[in-house]
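Residue strings, one per chain:
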Amino acid sequence: MSFFYKIYIAKPKRIVYKTSDVHLIIAIICLFLIPCSLSAREGVTASSFLLVEKETFQVISGRDYDHKHPPASTTKVLTTIVALEQLQGNETIVPDKAVLNIPASKLNLIPGKQYQAIDLIKATMIKSANDAAYTLASHIGGSEELFTKMMNEKARSIGAHDSNFKNASGLFVEGQYSTCWDLALLFRYALESDNFRNIVATRYFLFNDSKRSVRYMNHNRLLFCFEPTIGGKTGFTRASKHCYVGAFEKEGRVYILSMLGSKDLWGDAVKILEGLYSDLPSDREIRLAKSSSLTLTSYKPSKSHKLHTKKSTVKKKTVKYSKGAKKAARR
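Owing to the predicted nature of the structure, the values given are computational and were not obtained by experimental measurement.

Visitor: I tried to follow the packing of aromatic side chains on my own but got confused; where do I start?
Guide: For any pair of aromatic rings, geometry is given as the distance between the ring centres together with the angle between the planes. Considering all chains together, one arrives at 9 aromatic pairs under this definition. Between the aromatic rings of Tyr244 and Trp266, the centroid separation amounts to 5.7 Å while the plane-to-plane angle is 70 degrees, which identifies the pairing as edge-to-face. One end of the pair, Tyr244, is in strand β8 (residues 241-250); the other, Trp266, is in helix α9 (residues 265-273), and 22 residues separate them in sequence. The burial state of Tyr244 is the same as that of Trp266; both residues are buried. Ring-pair connections join several aromatic residues into one group, and the members of that group are Phe57, Tyr65 and Trp181. Positioned above the aromatic ring of Tyr204 is the side chain of Arg215, whose terminal nitrogen or guanidinium carbon lies 4.1 Å from the ring centre. Here the guanidinium or amino end of Lys250 rests over the ring plane of Tyr277, the centre of that ring lying 5.7 Å away.

Here it is in structure tokens:
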């Protein structure tokens, strides 16, 4: 680990001032700071958000970024960090039977079938496949429970002390939480990996099984309509609402945006980024960048020579995850 990551980045602390000092501070804020911050805060639906400069971790704008919320699929950033550090990528991984009970979004992995580790890692980040995240966790940790211990140890070593992870996918369970501050720290760390940067910058991922090759489009719409985007990870469950963590470039600097509990993910992102950029994507451009899946070549046709696309199904009962998680389509 480099010296850079041995330095703990402390969150701003509250300071008690005298009454006269408070009056002076309020006056300064009114004259200089409020006009700059209102543009980022006004109309933002997210429960908490944070925009920071990557190297210094200077806060550009934010709100309640130390509040704990369920992180949804932004959890997969940490899952991917651990997987990339534990695997070479060319390992063969075989899912167990429990993979059938994992709710969508998923690849519909087949128990007992062999898959390449790098494909499962890419599927975890690009497709946000819950079954791929679970399979990686079970393979690396011996069980998902043991893998989450590795996740939490890694998070704390990075400085993310206000997070607790109980599964590799981010599917909602009680007691799983993170903060915008912690998510930004984790993403900052992840960006030091060239493999991670390449994965989050990938617009389309081709996943091969025995009958077909399916092209999945990255869920990060800004990757398709906003050039400064480096990459990011979306998340959604009914309990967590929309979540996001991602990075952007400007004039040689990198900025990290994290959001939790948003009701308008892309609208919030644009409002917050207005403090940095003037040429942001329109609502129409963001709508056109909506993710989708396409079945491509290498398909082995049936006797009828008709193309069949396997539909994802979610079982009515699951063992590991809460009832609310079953209905939550992961993004």
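Let's pick the thread back up.
Visitor: Teacher, can you tell me more about the state of the cysteines here?
Guide: Here, the word disulfide means a covalent bond between the sulfur atoms of two cysteines. Considering all chains together, one arrives at 0 disulfides under this definition. Unpaired in this structure, Cys180 has its nearest cysteine sulfur neighbour in Cys243, at a distance of 8.2 Å.

Visitor: Quick question: what am I supposed to make of the pairing of strand β6 (residues 213-217) here?
Guide: By the criterion of burial, β6 is predominantly enclosed, with 4 of the 5 residues buried. Relative to β6, strand β5 (residues 204-208) runs antiparallel, the two being bridged by 5 bridges. Pairing of Asn208 across the sheet is with Ser213, part of β6.

Visitor: Help me out: how do you make sense of the environment of Gln88 in this one?
Guide: Along the chain, the position of Gln88 falls in the loop between α2 (75-86) and β3 (92-93). The exposed category is assigned to Gln88, whose relative accessible area is 72%. Gln88 sits 30 residues away from Ile118 along the chain, and the two C-alpha atoms are 8.1 Å apart.

Visitor: Would you mind going over the pattern of salt bridges with me for this structure?
Guide: If you walk through the whole model with that rule in mind, you get 4 salt bridges. Salt-bridge contacts for Lys54 lead to Glu192; the nearest nitrogen and oxygen are separated by 2.7 Å. One end of the pair, Lys54, is in the loop between β1 (48-53) and β2 (59-63); the other, Glu192, is in the loop between α6 (180-190) and α7 (194-200), with 138 residues separating them in the sequence. A residue is classified by how much of its surface remains accessible, and Lys54, at 4% relative accessible area, is buried. Look at Glu192 and you get partly exposed, because its relative accessible area is 44%. Its salt-bridge partner being Lys154, residue Glu85 comes within 3.0 Å of it at the nearest N-O pair.

Visitor: Explain the packing of helix α4 (residues 130-141) against helix α5 (residues 144-158) here, please?
Guide: For the pair α4 and α5, the least separation of the axes is 7 Å and the interaxial angle reads 85 degrees. Taken together, the axes of α4 and α5 lie roughly perpendicular to each other. Contact residues: α4 offers Tyr134, Ala137, Ser138, Ile140 and Gly141, while α5 offers Glu144, Leu146, Phe147 and Met150. Residue classes in the contact of α4 with α5 are distributed as 6 nonpolar, 2 polar and 1 charged.

Visitor: Explain α4 here, please?
Guide: Residue pairs three or four apart in sequence face the same way in an α-helix, which turns once every 3.6 residues. Between its terminal C-alpha atoms α4 stretches 16 Å, which fits the 16 Å expected from 12 residues at 1.5 Å a residue. Across the 12 residues that make up α4, a large majority, 11, are buried. Packing partners of the buried residues in α4 comprise α2, β3, α3 (117-127) and α5. Just past α4, the residue Gly142 takes up positive phi, approximately 90 degrees.

Reading the values: rules and limits
- Residues numbered from 1 in each chain as written.
- Predicted model: local features only at pLDDT ≥ 70, side-chain atom pairs only at ≥ 80, totals over all residues.
- Heavy atoms only, no water.
- Phe/Tyr/Trp six-rings, centres within 6.5 Å; stacked < 30°, edge-to-face > 60°.
- Helix = DSSP H or I, 4+ residues; strand = E, 2+ residues; numbered from the N terminus.
- Buried < 20%, exposed > 50% of the residue type's maximum accessible area, 1.4 Å probe, protein only.
- Lys NZ or Arg CZ within 6 Å of the ring centre and 35° of its normal.
- Disulfide = S-S within 2.5 Å.
- Pairing = 2+ DSSP bridges.
- Salt bridge = Lys/Arg side-chain N within 4 Å of Asp/Glu carboxyl O.
- Axes fitted to C-alpha atoms, helices over the stretch in contact; angles between N-to-C directions.
- Parallel < 35°, antiparallel > 145°, perpendicular 65-115°, else oblique.
- Contact = heavy atoms within 4.5 Å.
- Nonpolar A, V, L, I, M, F, W, Y, C, P; charged D, E, K, R; others polar.
- Expected span 1.5 Å × (residues − 1).

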